[in-house]
Amino acid sequence: MSKTWNLDTRTRHPIGGPSYPSPRRVRRALAFVIDFGIHLGAAYLVATVGSAGLPPGSPKPIAVPIVTWILVSFVHRTVVQSIYHATLGKWLLGLCVVRPADGRWPTFGVLVRSWILGFVAFILFQDTPTEGKDGFPLVVRRRDVRP
């Protein structure tokens, strides 16, 4: 265990221990499903509305919904999280993101970096980075965060 990413420096307790005691796996998974549904729903809406004017039998443009999904995902997971410290799914389930190193809110730059690295890791390796490791934000219960 690296002390850099697994220690709450305000209380000197390991993250996930006394500082953030609750299990969050199910909530995180449900928040992901909600957020993914928002991103996919936006792409579906653009694909449906965008193809409404095309003649029947013509090929449907696939790039526009994919770009929409990527843009909505980026804005939702960077801009929205930098302002509200949670995506809609996390907010509905009482979760938020903090920096693992010190338990403070992640900056916009940290969120952009983690989104880009996560996107690249998923595209290249079909894998996602570990939450709270290598500078990625940690998802915790909102009520466990101390000012």
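This text follows the structure it describes.
All values reported here derive from a predicted model rather than from experimental measurement. (Residues numbered from 1 in each chain as written. Predicted model: local features only at pLDDT ≥ 70, side-chain atom pairs only at ≥ 80, totals over all residues. Heavy atoms only, no water.)

Scanning the chain for helices and strands turns up five helices and four strands. The linear arrangement of helices and strands in the chain, starting from the amino end, is α-β-β-α-α-α-β-α-β. When burial is assessed residue by residue, the chain has 34% of its 147 residues classed as buried. A fraction of 66% describes how many contacts in the chain between residues 6 or more apart in sequence connect residues 24 or more apart. Carbon and sulfur atoms make up 70% of the accessible area of the chain, which totals about 9100 Å². (Helix = DSSP H or I, 4+ residues; strand = E, 2+ residues; numbered from the N terminus. Buried < 20%, exposed > 50% of the residue type's maximum accessible area, 1.4 Å probe, protein only. Contact = heavy atoms within 4.5 Å. Areas by Shrake-Rupley, 256 points an atom, 1.4 Å probe, with all protein chains shown as cover.)

With that out of the way, let us pick up the packing of aromatic side chains. If you walk through the whole model with that rule in mind, you get four aromatic pairs. Aromatic side chains Phe74 and Trp115 sit 5.1 Å apart centroid to centroid with 85° between the ring planes, which places their arrangement in the edge-to-face category. Residue Phe74 is located in helix α3 (residues 63-84), and its partner Trp115 is located in helix α5 (residues 108-125); the two are separated by 41 residues in the primary sequence. Judged by its relative accessible area of 22%, Phe74 is partly exposed. (Phe/Tyr/Trp six-rings, centres within 6.5 Å; stacked < 30°, edge-to-face > 60°.)

For the pair α3 and α5, the least separation of the axes is 8 Å and the interaxial angle reads 150°. As summarised for this structure, α3 and α5 are arranged roughly antiparallel, according to the angle between their axes. Two packed elements cross with a definite hand, and for α3 against α5 that hand is right-handed. Contacts from Trp69, Ile70, Ser73, Phe74, Arg77, Thr78, Val79, Gln81 and Ser82 of α3 reach α5 at Phe108, Leu111, Val112, Trp115 and Phe119. (Axes fitted to C-alpha atoms, helices over the stretch in contact; angles between N-to-C directions. Parallel < 35°, antiparallel > 145°, perpendicular 65-115°, else oblique. Left-handed = near helix turned anticlockwise from the far one by under 90°.)

Attention shifts here to the side chain of Ser73. Relative to the assigned elements, Ser73 resides in helix α3. The class for Ser73 is buried, based on a relative accessible area of 7%. Leave out the neighbours within four places in its chain, and Ser73 touches His39 and Trp115.

Along its 18 residues, α5 runs 25 Å from first to last C-alpha, staying within 8% of the 26 Å computed at 1.5 Å per residue. Within the sequence span of α5, burial applies to Leu111, Val112, Ser114, Trp115, Gly118 and Ala121. Structurally, α5 contributes buried residues whose contacts are with α3. (Expected span 1.5 Å × (residues − 1).)

Let us look at helix α2 (residues 25-50). For an α-helix, 3.6 residues make a turn, and residues three or four places apart therefore share a direction. Here α2 spans 37 Å end to end across 26 residues, near enough to the 38 Å set by a 1.5 Å rise per residue. Those residues of α2 that fall on the buried side of the exposure criterion are Ala31, Asp35, His39, Ala42 and Ala43. Packing partners of the buried residues in α2 comprise α3, α4 (88-92) and β3 (95-98).

Another point: the pairing of β3. The two faces of the sheet receive side chains in turn, since in a regular strand these alternate between them. Residues Leu95 and Val97 point to one face of β3 and Cys96 and Val98 to the other, with burial holding for every one of them. Judged from the four bridges that link them, β3 and strand β4 (residues 138-141) form a sheet pairing that is antiparallel. Across the sheet, Val97 pairs through a bridge with Val139, a residue of β4. (Pairing = 2+ DSSP bridges.)

The next subject is unusual backbone geometry. For His85, which is not glycine, the phi torsion reads 65° and is therefore positive. Assessed through its relative accessible area of 18%, His85 is described here as buried.

Helix packing for two helices is described by the angle between their axes and how far apart those axes are. Where α2 meets α3, the axes come as close as 8 Å, and the angle between the chain directions of the two elements is 145°. Classified by chirality, the crossing of α3 by α2 is right-handed. Judged by residue contacts, Asp35, Phe36, Ile38, His39, Leu40, Ala42, Ala43, Val46 and Ala47 of α2 engage Val64, Pro65, Thr68, Trp69, Val72, Ser73, His76 and Arg77 from α3. Per-class residue counts for the contact of α2 with α3 are eleven nonpolar, four polar and two charged. (Nonpolar A, V, L, I, M, F, W, Y, C, P; charged D, E, K, R; others polar.)

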